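# Understanding the architecture of this molecule
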Amino acid sequence: MLSDIREVATILYELSDIFQNSKEDKSQNIAYFFEQIERCLLNSIKALKNRQSPVTEWAELEVYADNFSEILGDEIGKNEANRLAKKLRRTARDVPKVGSDISEIKSLAGQFKGLAFIVKANLKSPPNSNSKPTRRGFLRYVPTVIGTAGGLVGGAAIGFNRGKSQAVPVVSPVITWNMTTFLGKELKNKSILYNAPQRVCDLVESMSNGEFKINLNREGKTTKILKDVSEGTIDCSYSGIYYDKPKYKALYFGSAIPFGLTPEEQNSWLFYKGEGNNDPDSLTYMQKVYEKLKLNVIAFPGGGTGGQMGGWFKKEVNSPQDFNGLKMRIVGLGKDILEWSEEKEEEEEEFKIYKFTDADEDENLAPSYSADKIKENLENGTFEAAEWIGPHDDMQLGLHTVQGIKFYYYPGWWEPSTTFDVQVNKDRWDSLEKRNKKYQDIFKAACLMYLLDTNHCSRIIFGEPTLIQQLQLHTEAGVATSTIVCGELFYMAAKSELRAANLQQVKAFIDTIDLYPINLPIG
């Protein structure tokens, strides 16, 4: 895996004398280029230490491969630069797995740091605090759906500290925001969505070279987050909008539509701006709904669960009538559909799903719908059935161990392609453009990245250990996914920067499991 990048580093050391003849500005660019590769490797090590596959961090090497010839071609020759770029590109497509030996990656990071020192030592005068790498030919920023996240060069925050013979870049945040989420610490290692808000924050910081930093608070309340963002108490949030109060029900259509939509349809709907509207800065239809509700908020899709299961039940369900009188934990528009027939005839005992209304200002008046309370509410009888996400997350919560739970149904027709949002205070959003529009572009690209990377199957492909271990405990029953999730994976790969490689990975994964169509009887 590392033989290609090791050869790149070795050859660059052999050719390092050539950099002595580079012009001052060019030397600074070359040194900065090496430092960014070092940073990429160190960030990958950090992810591996946290038991996470460094998909985003490692794929950044592809950006540097794309710019290799422009940065070093004049010094080492275009042919040699192109040859080494191919090796770096191959390295970028072979992401280290969790559990890999990080010592060699750490050694390589040190080698690129050393290369940067060699280049800087040859500068005729140390860079001063006003020195900045030029933008010419360096790290073109191209927001992608999945894969690479290149750094932006230049910017008021980049300077240099003087050393005895070397200079090391220092980056200070130009912008600092606070993000709140309801995905609390109690869900760590229990939900794939848990990592998404932190990863959005990390990606924004990485792509802005540290100029834009977002601090994450995990103590948010589902029915207060939207209000706090609108009022400017917090800058932004990561939340599922269908957890909020019924007066914002129109926004639920931006999260999950019962009996809808395929992944392609969901994304088309979320990003639709009107026929012929190609203005990247105009509002989508869903963003305009926030305006109509008098909310000072602009929202961006930033996570998706993929196809969900129908939930855990203490009694068998063979028909709609079996929902009569059922106390079930279910949220969003699916809950409304189950409650709808209540109003037909008062004498008929119809579906009795708990509601949370505007009148219930005190959340204690209603049973808790939060994920960490689902098992407790099933055990004490508050709920007789409950839905959450799917096998991995559900079993991490221990829902399958609740006494009396005998049935697990699919599909989750009320949430076939659920989307979570990053909601931003509109005034804060507009202020980004006044600073530098690139910050808005970076933020949108980070959200888009994790819109398509919170799927269960994508975590398997990228080697998430807890998910694989959980599935291995149940291999006798076989492993399968729905055609909806299959479509999501191929859509994600087809729209990615590394299209061919990602399509190959998805195909290899799908070939190893079973697929269930969406029109099978409930079972």
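Read on for an overview of the structure. What you are looking at is a predicted structure, and each value in this text was computed from that prediction instead of being measured.

## As for the pattern of salt bridges
Under the counting rule described, the total for this entry stands at 22 salt bridges. Between glutamate 104 and arginine 6 there is a salt bridge whose closest N-O contact spans 2.2 Å. With glutamate 104 in helix α5 (residues 103-121) and arginine 6 in helix α1 (residues 3-14), this residue pair connects regions lying 98 residues apart in the sequence. The exposure class assigned to glutamate 104 is partly exposed, which follows from its relative accessible area of 28%.

## Details of the state of the cysteines
Using the criterion set out here, one finds zero disulfides in the structure. The thiol sulfur of cysteine 201 is not disulfide-bonded, and the nearest other cysteine sulfur, from cysteine 236, lies at 6.5 Å. According to the relative accessible area criterion, cysteine 201 is buried, its value standing at 0%.

## Considering empty space enclosed by the protein
A full pass over the atoms with the stated rule returns seven cavities of 30 Å³ or more. Its boundaries defined by the atoms lining it, the second largest cavity holds a volume of some 90 Å³. Surrounding the second largest cavity, Leu251, Gly254, Leu270, Thr284, Met286, Gln287, Tyr290, Ala299, Pro301 and Asp421 form its lining. At the level of elements, α9 (285-292) and β6 (297-306) are the ones that each hand at least two residues to the lining of the second largest cavity. Considering every element that reaches the lining of the second largest cavity, the biggest residue donor is α9, with three residues. Classifying every residue of the lining of the second largest cavity by side-chain character gives six nonpolar, three polar and one charged.

## Focus: the packing of aromatic side chains
In this structure the tally under the stated criterion is 23 aromatic pairs. Judged by centre distance (5.9 Å) and plane angle (85°), the ring pair of phenylalanine 212 and tyrosine 439 falls under edge-to-face. Taken together, the residues phenylalanine 212 in strand β4 (residues 212-217) and tyrosine 439 in helix α14 (residues 437-451) connect sequence positions 227 residues apart. Comparing phenylalanine 212 with tyrosine 439 shows no difference in burial state: the two are buried. The interplanar angle of 75° and the centroid separation of 5.4 Å between the aromatic rings of phenylalanine 313 and tyrosine 409 together place this pair among those described as edge-to-face. Taken as a pair, phenylalanine 313 in strand β7 (residues 311-313) and tyrosine 409 in strand β10 (residues 407-409) lie far apart in primary sequence, 96 residues in all. For the pair phenylalanine 313 and tyrosine 409, a shared accessibility class is recorded, and that class is buried.

Cut-offs and rules
- Residues numbered from 1 in each chain as written.
- Predicted model: local features only at pLDDT ≥ 70, side-chain atom pairs only at ≥ 80, totals over all residues.
- Heavy atoms only, no water.
- Salt bridge = Lys/Arg side-chain N within 4 Å of Asp/Glu carboxyl O.
- Helix = DSSP H or I, 4+ residues; strand = E, 2+ residues; numbered from the N terminus.
- Buried < 20%, exposed > 50% of the residue type's maximum accessible area, 1.4 Å probe, protein only.
- Disulfide = S-S within 2.5 Å.
- 1 Å grid on protein atoms, 1.4 Å probe; cavity = no way out; pocket = protein on both sides within 12 Å on 5 of 7 lines; lining within 4 Å.
- Points joined across faces, edges and corners; volume = space filled by probe spheres on them.
- Nonpolar A, V, L, I, M, F, W, Y, C, P; charged D, E, K, R; others polar.
- Phe/Tyr/Trp six-rings, centres within 6.5 Å; stacked < 30°, edge-to-face > 60°.

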